[in-house]
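Examining the three-dimensional arrangement
Read off the chains here:
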Amino acid sequence: MRQTKQYVIRDVQTDRPALEEAAAVLRQGGLVVFPTETVYGIGANALDGAAIAGIFAAKGRPQDNPLIVHVTSMEEVADLVTDIPEQAHQLAQRFWPGPLTIILPKSDRIPEAVSAGLDTVAIRMPSHPVARALIRLAGVPVAAPSANLSGSPSPTTAAHCVADLDGRVDSILDGGPCEVGLESTVITLVSPVPRVLRPGAVTVEQLREVLGAVEVDDAVYHKMDGTAPAASPGMKYKHYAPKAEITLVHGDLAAFQAYLLSRTQPGLYALVFDGEQDRMPDGVHCVAYGGADDPAAQGERLFAALRELDGAGAQQVYARVPDSNGIGLAVYNRLVRAAAFREVY
Ligand code: TXA
Ligand code: MG
């Protein structure tokens, strides 16, 4: 057990002493949980293999799942990769700082543990002011996976991080709830055609505006059957998994109501859109996750809603299915994984 210190960061200027303490912890090889615009991350010095091992231990993360390295400038990127292709500059220009991770060929400065044996490294420049200040003050690139225990939903508030990691990390910085609520879009440029490995708030449509042709990896839509090697190792795990058994019910609201009526049993939970709570059959407990036409709000609230269902002790949950256009693809991707691909039509 570590003694975990908690800090509330309201403002990077006023709260600079706390940020400096946390930055020193990173430099000394410790673990610091910090907010980003996507989800909270558990950070360590990306150039320190022993510190990286600490991340895997704290999360209970499989060793073969590589980490994203967070930076604040393009100059820092140059050191971490063997080549910055023109397409990476174009993406950085348009989407950094922000919720996009770019996979590039790694340089030998990246420890084996960060890249999990791959010859590539994932790089992201976050926009959250607390993340930026922390990385700058630390003076090192910061490797950071989402700050949840491996297999539980990603954390979008400091309270989620405390629930999962208190006693397992050195510090937790509370910067309020995350704006996006879903992990960054991951795109690889180490492939003949740029390929999205994980959808996020930077949409496939936006990436195509900048790059032209962009492919979407099969694992975004489908369960990996385990025979093909995973382009993104994270995709093969049952991810974002709440304790409840979730089933996605396709179709409109009327079809959803009819489906619930056909299986009335005690302790039924429904994950619905805002305003639908009153229209569910009697005895169904509802948790809402944003308006039906508001995918950004759905993304912001989905992981908290999954944690709320677990907190309520839900065992069986039926979920309304989001539209999968734009950022909705990311919402659908996370929800269908939380449901372990259980879907009814
Ligand atoms: O928004 C985010 O990206 C958050 C915040 C903290 O920045 N971080 C995050 O990290 O979601 P994590 O470790 O939970 O997810 C990283 C994903 C995993 O699916 C991993 O397999 C993939 O990125 N990944 C990392 N390095 C990779 C590489 N070299 N090649 C392919 N996939 C990689
Ligand atoms: Mg994660």
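The notes below deal with the structure included here.

Calculation rules
- Residues numbered from 1 in each chain as written.
- Chains lettered and ligands numbered in written order.
- Predicted model: local features only at pLDDT ≥ 70, side-chain atom pairs only at ≥ 80, totals over all residues.
- Heavy atoms only, no water.
- Core = buried A, V, L, I, M, F, W, Y, C linked by side-chain atoms within 4.5 Å.
- Buried < 20%, exposed > 50% of the residue type's maximum accessible area, 1.4 Å probe, protein only.
- Helix = DSSP H or I, 4+ residues; strand = E, 2+ residues; numbered from the N terminus.
- Contact = heavy atoms within 4.5 Å.
- Pairing = 2+ DSSP bridges.
- Axes fitted to C-alpha atoms, helices over the stretch in contact; angles between N-to-C directions.
- Parallel < 35°, antiparallel > 145°, perpendicular 65-115°, else oblique.
- Left-handed = near helix turned anticlockwise from the far one by under 90°.
- Nonpolar A, V, L, I, M, F, W, Y, C, P; charged D, E, K, R; others polar.

Focus on the nonpolar core
By size, the foremost hydrophobic cluster in this structure holds 49 residues, and its most contacted members are Val33, Ile42, Leu91, Leu100, Ile187 and Leu207. Counting residues per element, the ones that place at least two in this core are β3 (41-45), α2 (49-59), α3 (74-80), α4 (86-95), β5 (100-105), β6 (120-124), α7 (158-165) and α8 (204-211). Here the element with the most residues in this core is α2; it accounts for 5 residues. Discounting chain neighbours no more than four positions away, the residues touching Ile187 are Leu91, Leu100, Thr101, Ile102, Ile103, Pro194, Arg195, Val196, Leu207, Leu211 and Val214. Within the second largest apolar cluster, 27 residues are counted, among which are Ala314, Val321, Val331 and Tyr332.

Some details on the sheet that holds strand β15 (residues 316-320)
Spatially, the 5 strands line up as an open sheet ordered β14-β13-β15-β12-β16, and their pairing is parallel. Every other strand in the sheet has two partners, leaving β14 (285-288) and β16 (343-344) as the edge strands with one partner each. Sheet topology note: the strand β13 (residues 268-272)/β14 ladder contains 4 bridges and is parallel. Opposite Leu271, over in β14, you have Val287 as the bridge partner.

Details of the pairing of β3
Of all the 5 residues making up β3, 5 are buried; the element is thus mostly covered by neighbouring parts of the structure. For strand β2 (residues 32-34) and β3, the ladder comprises 3 bridges, and the chain directions are antiparallel. In the strand pairing of β3, Phe34 is matched with Gly41. Joining the antiparallel neighbours β2 and β3 is a turn of 6 residues. Taken together, the 2 bridges between β3 and strand β7 (residues 142-143) define a ladder with antiparallel strand orientation. The partner of Ala44 across the bridge, within β7, is Ala143.

Concerning the sheet that holds strand β9 (residues 185-188)
A sheet is described by the order of its strands in space; here 11 strands give the open sequence β1-β8-β2-β3-β7-β4-β6-β5-β9-β10-β11, paired in mixed fashion. Of all the strands in the sheet, the pair left with one neighbour each is β1 (5-8) and β11 (215-216). Note that β1 and strand β8 (residues 171-174) share 4 bridges and pair parallel. Bridged to Tyr7 within β8 is Leu173. Contacts between α4 and the sheet are confined to β5 and β9, with β5 contributing the most and set at about 160 degrees to the helix.

Focus on the packing of helix α1 (residues 16-27) against helix α6 (residues 129-138)
Closest axis-to-axis distance for the α1/α6 pair is 8 Å, and the angle between their directions is 55 degrees. When the axis of α1 is compared with that of α6, the two are oblique. In this structure, α1 meets α6 at a crossing whose hand is right-handed. Facing Arg16, Leu19, Glu20, Ala22, Ala23, Leu26 and Arg27 of α1, the residues of α6 in contact are Val130, Ala133, Leu134, Leu137 and Ala138.

Observations concerning the packing of α4 against α8
Where α4 meets α8, the closest approach of the two axes is 10 Å, and the angle between their N-to-C directions is 125 degrees. By the angle between their directions, the pair α4 and α8 is classed as oblique. The handedness of the crossing between α4 and α8 is right-handed. Two secondary-structure elements touch here, α4 through Gln87, Gln90, Leu91, Arg94 and Phe95 and α8 through Gln206, Leu207, Glu209, Val210 and Leu211. For the contact of α4 with α8, the per-class residue count stands at 5 nonpolar, 3 polar and 2 charged.

So yeah, pure geometry; function would need other evidence.
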